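# Report on the structure
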Amino acid sequence: MYQQEQTIVLQQKTAVWLLSVNGGNTTEIVSADIETLKDVLRFHEYRYYVQNDPLISDAEYDSLFKLLQQFEKENPSLITPDSPTQRVGAGLVNDFVKVAHLVPMLSLENSYNATDLLDWDRKAKELAGLDEIEYCVEPKFDGASISLIYDHNLLARAATRGDGVVGDDITLNTKQIKSVPLSAKFSGYGIEQVEIRGEVLINKNNFKKYNDKLIEEGIPPFANPRNSAAGSLRIKDTAEVGRRNLEVFLYHVSYAANIDNRKPVISQQTELHEVAVQLSTTNNGQPLTHSGMLEMLWHLGFRSPKKEMKVVRGISGVIQYVEEFEVKRDGLPYEIDGMVIKVNDLGLQEKLGMTSHHPRWAIAFKFKARQGTSELRSVEFQVGRTGAVTPVAKIAPVLVGGVTVTSISIHNEEYMKEKDLMLGDTILIERSGDVIPQIVKSFPELRTATGSSIQFPTECPVCAHPLFKPAGEAVWRCININCEAQVVERIIHFVSKDAMDIKNFGDANVRKFYEMGLLKDVPGIYRLSFEAIGKLEGFGKKSIDNLQTAIENSKSQPLHRLIYGLGIRYCGENTAKTLANAVTHLLDFRDLSEEQLQNLEDVGVKVAGSVYRFFHDADNLRMLEDLEQLGISLKNQKKQANISNSLSGQAFLFTGSLVQLKRSDAEEMVEKNGGKILSGVSSKLNYLVVGEDAGSKLEKAKKIQSIKIITEEEFIKMLPT
Ligand code: AMP
Ligand code: ZN
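Sequence order as written defines residue numbering, which begins from 1 separately in each chain. All chains are assigned letters beginning at A, and all ligands numbers beginning at 1, according to the order in which they are written. Under the rules for a predicted model, residues below a pLDDT of 70 receive no local features and side-chain atom pairs below 80 are neither given nor counted, while totals for whole chains, interfaces and linings still include all residues. Hydrogens are left out, water is left out, and the side-chain values use all remaining heavy atoms of the structure.

## Thoughts on the overall build of the protein
To keep it simple, the criterion reads: Only DSSP runs of H or I with at least four residues qualify as helices, and only runs of E with at least two residues qualify as strands; both kinds are numbered from the N terminus onward. The buried label applies to any residue whose accessible area, calculated with a 1.4 Å probe on protein chains only, is under 20% of its type's maximum; exposed applies above 50%, and partly exposed to all values in between. Positive charge is attributed to Lys and Arg, negative charge to Asp and Glu, and no charge count is given to His or to the chain ends. The atoms used to mark charge sites are NZ of Lys, CZ of Arg, CG of Asp and CD of Glu.
Across its full length, the protein carries 26 helices and 22 strands. By principal-axis analysis of the C-alpha atoms, the protein measures approximately 95 × 80 × 50 Å. Residues classed as buried in the protein amount to 49% of the 721 residues present. Each charge class in the protein can be summarised by its mean position, and for the 84 positive and 95 negative side chains these summaries are 2 Å apart.

Right, dumping it as structure tokens:
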């Protein structure tokens, strides 16, 4: 698309624009300049989204984009429909209007092995009256098909496949796909109007990230990237479409109208070839082969499978290439479900024609299925480490994509209902690439009278605590913190560095003590029998002493650490600090309403609900009382001891290694006493505390007169005793 000289020129222009952004000198821009800025942005979109080889950073791109947005705001008359800014901010789509394709979108005939391909080749040769045919082989992208119309070089319309004749107008959503150019110079090929076809994909990485997010939020994930791409094209919020990071491959020109010889809308696929022939006779340079078309699309700035395709003479080369590609399948960043073999010569395509279902000049070669059917035998309810209860189906073993699947997640109750699942059902499952297997659907029509519905439990299957489902969430949870299914992970969290910080404990010891029956719940930490531990292998007197001291010291940890350690859902370290400051004793939370909680800084509905439930759960309250009995402080020591404010208004920074204090403890002391910690040396800094081997911060601070440079000793003396 961009020649080397163009690339150099555009990169030079980029540098100039970036300079002007940084220098802020951008007021004197004239309209001609804006066009070059658009060119620069289009060029970088192409490098990033089509070539996958960006030349500038995301931040640099954003700064140029914002610049263009600002100009256009000041000069609305200069906004063109293909401006890079016109992809965004389209708002909400109310309804998808039905639109007719210029040429119907047909299906493809399928083949599954070399014999099928040999048969197909033989028939094609017979029909063509040739001994050998040249084919173009390319991946069969597993996404959602899309049809684009460009009119006078501008993207005029995008549509889904629909029933093949009529689809949904998804123009606004399609503009969110950055590898779809908003304009392309078809006029250079003598084309005034063109309809091109392709596949919208979501790459495996983004798919996985997106599904993980859904699962985390308790929303059922998509079964495969194909469903996810198709679903994404029909979202009503265009901005959300943008966030899905869809990609596209364009692999077919289905219709092209000559500039001087524009035809009315037509419904024959063959029309393209007439146009092609006409154009070639008028010497407009339009390609006469399918591979030539893909090259043309590539040169126009589209992402076509130019690099993935292969032109071969004769079917044996085809067979070799599809087999090669099947091996590569899992390593590709996107899903393909096979290859498509197309007769390369457009004239010959025309001669072979089509059936009502598929063209005779193309065939799909399907890779080994990654779907399989099985029987849903039973459902187990598993309790995850955050208390989420997940139904897991036990199914009749089935081989899918080389892996035997015997159990499969049903995610949550809603999903179970949506998929209409009953015990004994025949189900279709799929495993795409490295994605965990998913249920695609059930077949209710195959159900016998013996089918029985699946009962979702009301009590935790592990500890029998009543299950709870927060409003607006799909997942039932067990909120008993000592539930056996959760307790190990909870104890690990409780003792961790950012929570109660019990040194020498660690994941491995928690697990070991739990398995030995020495530790059953959080209060159990404070009841550990050191005598029993002493009998375990690898525990000498010294390590037991250390552990005992660490446990003892943790009893007086500040309240926010305890709150964080409890692992209340949605309650991170910062929320824990806010909560700790709101009470003088932890059990005061029993008396706070959800509204009162919501009045705290940064506490929203979700957090308030979760905290409220935690402190209104009888088991949790009993456990907290237990902890207090064992000597753990539930008091807000800061409020009690009133040690605050002696450093109020003073900003501190530490450099070098401290000898008596840990850096993080020292910082905490500053904050406890009302002081602030800065991130760097500036005139706002009051004290630089210098430890051993202090570095550049010290040099910098020496240059600022107002900063007091003090030692660790001096710092400690400043603290209240
Ligand atoms: P099928 O849905 O199995 O009948 O297969 C036809 C579909 O394959 C088309 O509608 C396209 O959406 C899709 N497809 C994916 N890659 C290609 C390709 N390279 N050439 C043609 N069709 C493709
Ligand atoms: Zn439980």
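## So, the coordination of the zinc ion (ligand 2)
Quick note on the threshold: Atoms are scored as donors when they are N, O or S and lie within 2.8 Å of the metal, with 3.2 Å used for Na, K and Ca; no water is included, so coordination may look incomplete. Square planar and octahedral assignments, for four and six donors respectively, both demand that opposite donors be over 155 degrees apart and that all other angles lie between 65 and 115; tetrahedral needs four donors with all angles between 85 and 135 degrees, and anything else is irregular.
Taken together, the protein donors to the zinc ion (ligand 2) comprise C460 (SG), C463 (SG), C478 (SG) and C483 (SG), at separations of 2.2 to 2.4 Å. Given four donor atoms and angles of 101 to 114° at the metal, the environment of the zinc ion (ligand 2) is assigned as tetrahedral. In the primary structure, the donors to the zinc ion (ligand 2) are separated according to the pattern C-x2-C-x14-C-x4-C. Residue C463 is found in the loop between β18 (452-453) and α14 (484-495), and its partner C483 is found in the loop between β18 and α14; the two are separated by 20 residues along the sequence.

## Focus: the nonpolar core
Operational definition: Buried Ala, Val, Leu, Ile, Met, Phe, Trp, Tyr and Cys residues that are joined via side-chain atoms within 4.5 Å together make up what is termed a nonpolar core. By the convention used here, residues are in contact when the closest approach between their heavy atoms is within 4.5 Å.
Grouped together as the largest cluster of nonpolar side chains are 52 residues, with contacts concentrated most on F505, I525, L562, I563, L566, L586 and L624. Elements that contribute at least two residues to this core include exactly α14, α15 (506-515), α17 (541-554), α18 (559-565), α19 (573-582), α21 (605-614) and α22 (618-629). Residue contributions to this core peak at six residues, all from α14. In contact with I563, not counting residues within four places along its chain, are I568, C571, A576, L579, A580, L586 and F589. In terms of nonpolar packing, the next biggest core, distinct from the first, is built from 35 residues, I196, V241, L246 and M293 among them.

## Focus on the environment of G314
Relative to the helices and strands, G314 resides in the loop between β9 (310-313) and α11 (315-328). Along the primary structure G314 and G167 are separated by 147 residues, whereas in three dimensions their C-alpha atoms are 36 Å apart. Once residues lying within four places of it in the same chain are set aside, the contact partners of G314 are E132, I133 and Y135.

## Describing α19
Short version of the rule: This arc describes the spread of directions from the helix axis toward the C-beta atoms.
By the burial criterion, the buried members of α19 are T575, A576, L579 and A580. All buried residues of α19 fall inside an arc of 135° around its axis, so they share one side. Close packing links the buried residues of α19 with α18, α20 (594-598) and α21.

## Looking at the pairing of strand β10 (residues 336-343)
Stated precisely, the cut-off is as follows: Whether two strands pair depends on DSSP finding at least two bridges between them.
Within β10, eight of the eight residues are buried, which leaves it mostly tucked inside the rest of the structure. Taken together, the seven bridges between strand β3 (residues 134-141) and β10 define a ladder with antiparallel strand orientation. Note on β10: the bridge partner recorded for Y135 is V343. Pairing analysis gives five bridges linking β10 to strand β11 (residues 362-366), with the strands arranged antiparallel.

## Structural notes on the side chain of S442
Rules: Polar contact is defined as a pair of N or O atoms within 3.5 Å, subject to the rule that within protein one atom must be able to donate a hydrogen and the other to accept it, and that residues adjacent in sequence are counted only when both atoms are side-chain atoms.
For S442, the position within the fold is in strand β17 (residues 438-442). Engagement of the side chain of S442 in a polar contact is seen with the backbone oxygen of K419, the distance being 3.0 Å. Dropping the residues within four chain positions of it, S442 is found in contact with K419, D420, L421, D425, T426, I427 and R447.

## Details of the sheet that holds strand β8 (residues 247-258)
The condition that has to hold: Angles run from 0 to 180 degrees between N-to-C directions of axes, and those axes are lines fitted to C-alpha atoms, restricted for helices to the stretch in contact.
Within the open sheet, the four strands sit side by side as β5-β4-β7-β8. Their pairing is antiparallel. For this open sheet the edge positions go to β5 (154-160) and β8, each flanked by a neighbour on one side alone. Sheet twist, expressed as the average angle between the axes of neighbouring strands with direction ignored, equals 25°. Here strand β4 (residues 144-151) pairs with β5 via six bridges, running antiparallel. The residue bridging I146 from the neighbouring strand is T160, located in β5. Sheet contacts for helix α10 (residues 290-299): β7 (191-201) and β8; angle to β8, the most-contacted strand, approximately 110°.

## A few points about the site of ligand 1
Short version of the rule: Put simply, a residue is near a molecule or strand once any heavy atom of it comes within 4 Å of that molecule or strand. Computed by Shrake-Rupley with a 1.4 Å probe, the accessible areas treat only the displayed protein chains as cover when residues are assessed. Following the grouping adopted for this structure description, the nonpolar residues are Ala, Val, Leu, Ile, Met, Phe, Trp, Tyr, Cys and Pro, the charged ones are Asp, Glu, Lys and Arg, and the polar ones are all others, Gly among them.
Taken together, 13 residues lie around ligand 1, and E138, R161, E199, Y251 and K342 are the ones closest in. Within the backbone of P139, a nitrogen or oxygen atom sits 3.0 Å from a nitrogen atom of ligand 1. A distance of 2.7 Å separates an oxygen atom of ligand 1 from a polar atom in the side chain of E199. In isolation ligand 1 exposes 500 Å². Once the protein is present, 83% of that is buried. Those elements that place two or more of their residues in the shell around ligand 1 are β3 and β10. Per element, the largest residue contribution to the shell around ligand 1 is four residues, and it comes from β3. Here the shell around ligand 1 is composed, by residue class, of five nonpolar, two polar and six charged.

## A look at the packing of helix α4 (residues 114-128) against α11
Going by this rule: Under this scheme an angle from 65 to 115 degrees is roughly perpendicular, one under 35 degrees roughly parallel, and one over 145 degrees roughly antiparallel; angles in between are oblique. When the near helix sits turned anticlockwise from the far one by under a right angle, the crossing is termed left-handed; a clockwise turn instead gives a right-handed crossing.
Where α4 contacts α11, the axes come no closer than 10 Å and their chain directions differ by 150°. Judged by the angle between their axes, α4 and α11 are roughly antiparallel. When the axes of α4 and α11 are compared, the crossing they make is right-handed. Touching A114, L117, L118 and D121 of α4 are I315, V318, I319 and V322, all from α11.

## Things to note about the packing of helix α1 (residues 4-23) against helix α3 (residues 58-74)
Viewed as axis vectors pointing N to C, α1 and α3 meet at an angle of 75°, and their least axial separation amounts to 10 Å. Considering their axes alone, α1 and α3 lie roughly perpendicular with respect to each other. Across the interface between the two elements, T14, W17, L18, S20 and V21 from α1 touch E60, S63, L64, L67 and F71 from α3. Tallied by class, the residues present in the contact of α1 with α3 amount to six nonpolar, three polar and one charged.

## Observations regarding the confidence of the model for the protein
Threshold: The predictor's confidence in any single residue is recorded as pLDDT, a number from 0 to 100.
Model confidence for the protein is summarised by a mean pLDDT of 86, while 92% of its residues fall at 70 or above. Taken element by element, the predicted model of the protein shows its lowest mean pLDDT in helix α9 (residues 271-281) (43) and its highest in β3 (97). This model gives residues 260-284 a pLDDT under 50, and the stretch forms 55 contacts once residues within four places in sequence are excluded.

## Overview of the environment of K635
For K635, the location among the structural elements is in the loop between α22 and α23 (637-641). Sequence separation between K635 and R234 is 401 residues, and the spatial gap between their C-alpha atoms is 54 Å.

## Comments concerning the pattern of salt bridges
Just so we agree on the cut-off: Only one rule defines a salt bridge in this text: a Lys or Arg side-chain nitrogen within 4 Å of an Asp or Glu carboxyl oxygen.
All told, the structure shown has 39 salt bridges when counted by the stated rule. Among the ionic pairs, D53 bridges to R47, the shortest N-O distance being 2.8 Å. The closest approach of N and O atoms between E552 and K555, which form a salt bridge, is 3.3 Å. A relative accessible area of 46% means that E552 is categorised as partly exposed.

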